[in-house]
Amino acid sequence: MNVRSPVLDMLPARQPPQTPLLARLGLAMRRHRGAILVVQWLVVVFYLLMVTLPAFLPLPPEEAHVLDNLTRFAQFLFWGIWWPGVILSTVVLGRVWCGYFCPEGAMTEAASRFGLNRPVPRWMKWGGWPFAAFLGTTVYGQMVSVYEYPKAVLLVLGGSTVAAVAVGLVWGRGKRVWCKHLCPANGVFRILARLSPWHFRVDREAWARSTEPPRFIQCAPMVHIKAMNGAAECHMCGGCAGHKGAIQLAARSPNAEIARLSRKESGGWEAATLLFGMLGVATGAFQWSASPWLVAAKQALAEWLVEREIFWPLDTGAPWWLLTQYPEVNDAFTWLDGGLILAHIAVYALALGGAAWLGLVLAGRMLGETQGWKRLAMGLTPLAAASVFIGLSLLTTGQLSAEGWRQAWPNDLRLFLLFSAFAWSGWLLWQQTGSQAASHGQRLGSVVFSLVGTLPVLVSWWAMFRIW
Ligand code: SF4
């Protein structure tokens, strides 16, 4: 029997041929919510096992491998596959990760069904939380070597999970208050999802025309659905698909959302997350362990301290939850190590983020927009995404090389990806500046200023792969 959905019948007939297929997929997402929940809870169980069990096992011996040691397996899973995969999937699929697989999202939403159901407090709505939380977890993760030690994983990821559940137990009713306001990755996911080539599109005219009675939509991330005009906030759950015959999963150009971003839609915190977080702090965090400058600075400072008989900065007495302390495997940070890593990350944040910001400010001024840098910053999304992905992919190949898989070509591929993303950002900025520029010269000048500001990012990766 051929059963057609009445919602599908309401979709505009003028859509290109591929759109109904996507629209059907969107409706299927809504219909198969039960199957999605099963997947979510399987991920939750697996995640909890991988986060907790290795923390209670002895550290793996040198000769341990991914396939014969649980700690190594979990380490490879989290940092070698999970995080690079999540970044890539958010660019390619939107926030499907958040909606379908994120264990914290599933747990905070479930907790909020049984908790106190309080309204979201004002302090939590502060727009700077995603920026502050991203910076805090990235820097703290470096201090405790979260990529390498299971106790640090339990502290950072497990701590975040406990906080997500606690927020769910107090605030919201069946909502993801944690994800919307406090999740450390939310700011980055919002930025990356704007490049997604598919999204749930709202046809406002169809919405206004519709005589369909309104139905309750359980939108866990609390998106204002009628006003939704992009993929930044949507977790792609499909819950609103087909509503009033006006919402459907649809394809779009990856540039579409950012190219038409208005001044009003371009937040300063989001721009700061991209410039100082993704391009600055994250790059500094990925590169400090390979930096010969850091080694030289450490040596010079250590000599200076010893000459003056100041020895406490060279002590390794800090607790493991503050600074990496694993003397049994010959890995213990001194106070000097911790201070220098912080300084390295701060210098990168200010130098790389600051240069990119300055370039955008000049570009914005050229277009006659004093706050234009916030909007133009989103044009650097492809570059920021590539930079973060490259940094995370170092963890993948680092772990694979410990397994005996050593190849030179990944660095060539990384540089190719980086320069391609740089070119993509240029193209995106060109589209963004089209409506503001009075002439081609002005338009070209603003794009050039925007890109020149990011050259330190390119130089830093080039130095890491070709010089250090
Ligand atoms: S707007 Fe909300 S309900 Fe609609 S697909 Fe996105 S997350 Fe789901």
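Residues numbered from 1 in each chain as written. Predicted model: local features only at pLDDT ≥ 70, side-chain atom pairs only at ≥ 80, totals over all residues. Heavy atoms only, no water.

### Concerning the overall build of the protein chain
A tally of helices and strands in the protein chain yields 20 helices and four strands. What you see for the protein chain is a C-alpha radius of gyration of 24 Å, in line with the 23 Å of a compact globule of 468 residues. If one aligns the C-alpha atoms of the protein chain with their principal axes, the spans along those axes are about 80 × 55 × 45 Å. Counting all 468 residues of the protein chain, 54% fall into the buried class. (Helix = DSSP H or I, 4+ residues; strand = E, 2+ residues; numbered from the N terminus. Rg over C-alpha atoms; globule rule 2.2 N^0.38 Å. Buried < 20%, exposed > 50% of the residue type's maximum accessible area, 1.4 Å probe, protein only.)

### Re the nonpolar core
Counting residues in each nonpolar core, the largest one holds 85 residues, and the members touching the most others are Phe78, Trp79, Leu274, Leu275, Leu279 and Trp461. Counting residues domain by domain, this core receives three or more from each of domain 1 (32-192) and domain 2 (270-307 + 320-467). Leu27, Tyr100, Trp198 and Leu249 belong to the second largest nonpolar core, which has 23 residues in total. (Core = buried A, V, L, I, M, F, W, Y, C linked by side-chain atoms within 4.5 Å. Domains from an automatic or database assignment.)

### Description of the packing of aromatic side chains
Scanning the entire structure with this criterion turns up 22 aromatic pairs. A ring pair is formed by Tyr47 and Phe78, whose centres lie 6.1 Å apart and whose planes are at 85 degrees; its orientation type is edge-to-face. Of this pair, Tyr47 sits in helix α3 (residues 33-52) while Phe78 sits in helix α4 (residues 70-93), and the two are 31 residues apart along the sequence. Both residues of the pair, Tyr47 and Phe78, count as buried. With relative accessibility at 5%, the residue Tyr47 sits in the buried group. (Phe/Tyr/Trp six-rings, centres within 6.5 Å; stacked < 30°, edge-to-face > 60°.)

### Focus: the pairing of strand β2 (residues 247-251)
Side-chain direction in a regular strand flips from residue to residue, so the side chains alternate between the two faces of the sheet. The element β2 is extensively covered by neighbouring structure, given that four of its five residues are classed as buried. Taken together, the five bridges between strand β1 (residues 198-202) and β2 define a ladder with antiparallel strand orientation. Bridging from a neighbouring strand, Phe200 pairs with Leu249 of β2. (Pairing = 2+ DSSP bridges.)

### Looking at unusual backbone geometry
Keep in mind that most residues, glycine aside, have a negative phi and that most peptide bonds are trans. For Asn117, which is not glycine, the phi torsion reads 55 degrees and is therefore positive. On the secondary structure map, Asn117 appears in the loop between α6 (103-114) and α7 (129-143). Asn117 gets classed as partly exposed once you look at its relative accessible area, which sits at 22%. Phi is positive for Lys244, close to 55 degrees, though the residue is something other than glycine. Looking at the secondary structure, you find Lys244 in the loop between α11 (204-209) and β2.

### A word on the environment of Thr90
Residue position: Thr90 is located in helix α4. Spatially, the C-alpha atom of Thr90 lies 20 Å from that of Phe416, the residues being 326 residues apart in sequence. Ignoring any residue separated from it by four or fewer positions in sequence, one finds Thr90 in contact with Arg95, Phe189, Leu192, Ala193 and Ser196. (Contact = heavy atoms within 4.5 Å.)

### A short note on the environment of Val388
Positionally, Val388 belongs in helix α17 (residues 381-402). Take Val388: its relative accessible area is 8%, and that puts it in the buried class. Distance from Val388 to Gly277, taken between C-alpha atoms, is 9.9 Å for residues 111 residues apart in sequence. Discounting residues that sit within four places of it in the chain, Val388 has contacts with Ile87, Met278, Ala282 and Phe286.

### Notes on the state of the cysteines
For the structure shown, the criterion picks out zero disulfides. With no disulfide of its own, Cys102 lies closest to Cys179 among cysteine sulfurs, the gap being 6.0 Å. Residue Cys102 is classed as buried on the basis of its relative accessible area, which comes to 16%. (Disulfide = S-S within 2.5 Å.)

### Here's the deal with the pattern of salt bridges
One pass over the structure, following the stated rule, counts 13 salt bridges. A salt bridge links Asp337 to Lys298; the nearest nitrogen and oxygen atoms lie 2.8 Å apart. Here the residue Asp337 occupies a position in helix α15 (residues 335-366), and Lys298 occupies one in helix α14 (residues 292-307), the gap between them amounting to 39 residues. (Salt bridge = Lys/Arg side-chain N within 4 Å of Asp/Glu carboxyl O.)

### Some points on the domain arrangement of the protein chain
Per the domain assignment, the segments of the protein chain are domain 1 (32-192) and domain 2 (270-307 + 320-467). Centre-to-centre separation of domain 1 and domain 2, based on C-alpha positions: 24 Å. Tallying the contact residues gives 34 residues for domain 1 and 37 residues for domain 2. Of the roughly 3100 Å² buried where domain 1 meets domain 2, counting both sides, 73% is carbon and sulfur surface. Per-residue buried area on domain 1 facing domain 2 is highest for Gln142, Met143 and Ile191; these three make up 22% of the total on that side. There are one salt bridge connecting domain 1 and domain 2. The tally of links from domain 1 across to domain 2 stands at ten residue pairs in polar contact (both at pLDDT 80 or more). Mapped by element, the contributors of at least two residues to the side of domain 1 that touches domain 2 are α4, α7, α8 (150-170) and α10 (186-193). With nine residues, α4 is the largest single contributor of residues to the side of domain 1 that touches domain 2. A class-by-class count of the residues in the side of domain 1 that touches domain 2 yields 24 nonpolar, seven polar and three charged. (Buried area = accessible area lost by both parts, 1.4 Å probe. Polar contact = N/O pair within 3.5 Å; in protein donor to acceptor, adjacent residues only side chain to side chain. Nonpolar A, V, L, I, M, F, W, Y, C, P; charged D, E, K, R; others polar.)

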